[in-house]
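# Working through the structure, step by step
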Amino acid sequence: MTRELDKLSPSEVDLMLKAPLLVCILIAGADDDIDRKEIKKAIQLAQKNQGNGKSKMVEFYRLMAEDFEDKLKVLIQSFPPKAAQREPIIVDELTSLNDVFSKIDKELAFDFYQSLLEIARKTAESSGGLLGLKSVGEEEARFVNLPMIKNPMQK
């Protein structure tokens, strides 16, 4: 993964490191309420992905997972508090990943894309539905498939 990141500019590397946080904020805040369960789920996913030895993303998630909760809280504070103002900013940043994906190995880009989709889905499921049981709320459903990011394996 480190060699792949060497192909990118510092701002592109920063975007990749920030992308899981952005996805978490986008999904968790879609209903204007980023609750503790959603943040906790995102932290668990970062830690799980860090320890997943099969994935090429292990090194990346190890780097990204350092102080994940603190990074997440700081990033949340940098955005407007209302979803209506926050969402377009985050969507714009995540859309920039499409250019970054074209500069790195396709398989690695796809693994990263899949990990972002998992973060989106698990974050959405963490507090939605009847008693919070694995149901995606209407607000989160708009973004859970990350429509602003193209699947790197498709043209």
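Residues numbered from 1 in each chain as written. Predicted model: local features only at pLDDT ≥ 70, side-chain atom pairs only at ≥ 80, totals over all residues. Heavy atoms only, no water.

### Notes on the packing of aromatic side chains
In this structure the tally under the stated criterion is two aromatic pairs. Judged by centre distance (5.9 Å) and plane angle (85 degrees), the ring pair of F101 and F112 falls under edge-to-face. Separated by eleven residues along the polypeptide, F101 in helix 7 (residues 97-101) and F112 in helix 8 (residues 106-125) bring together distant segments of the chain. A relative accessible area of 0% places F112 in the buried class. (Phe/Tyr/Trp six-rings, centres within 6.5 Å; stacked < 30°, edge-to-face > 60°. Helix = DSSP H or I, 4+ residues; strand = E, 2+ residues; numbered from the N terminus. Buried < 20%, exposed > 50% of the residue type's maximum accessible area, 1.4 Å probe, protein only.)

### Observations concerning the nonpolar core
Formed by 46 residues in total, the largest nonpolar core has its most connected members in M16, L94, L97 and I149. Of all elements in the fold, only helix 2 (10-28), helix 3 (36-51), helix 4 (58-65), helix 5 (68-78), helix 6 (83-95), helix 7 and helix 8 reach the threshold of two or more residues within this core. For this core, the element with the highest residue contribution is helix 2, accounting for eleven residues. With near-sequence residues (within four places) excluded, L97 lies in contact with L15, M16, A19, F112, L116 and I149. (Core = buried A, V, L, I, M, F, W, Y, C linked by side-chain atoms within 4.5 Å. Contact = heavy atoms within 4.5 Å.)

### Quick word on the side chain of R86
For R86, the position within the fold is in helix 6. Of the polar contacts made by the side chain of R86, one reaches the backbone oxygen of P81; its length is 2.9 Å. The contact partners of R86, leaving out residues within four places of it in the chain, are I25, G29, D32, I34, F79, P80 and P81. (Polar contact = N/O pair within 3.5 Å; in protein donor to acceptor, adjacent residues only side chain to side chain.)

### Looking at the packing of helix 2 against helix 6
Following both chains from N to C, one finds helix 2 and helix 6 inclined at 145 degrees, their axes separated by 10 Å at the closest point. For the pair helix 2 and helix 6, the sense of crossing is left-handed. Between helix 2 and helix 6, the contacting residues are L15, K18, A19, L22, V23, I25 and L26 on the first element and R86, E87, I90, V91, E93 and L94 on the second. Partitioning the contact of helix 2 with helix 6 into residue classes produces nine nonpolar, no polar and four charged. (Axes fitted to C-alpha atoms, helices over the stretch in contact; angles between N-to-C directions. Left-handed = near helix turned anticlockwise from the far one by under 90°. Nonpolar A, V, L, I, M, F, W, Y, C, P; charged D, E, K, R; others polar.)

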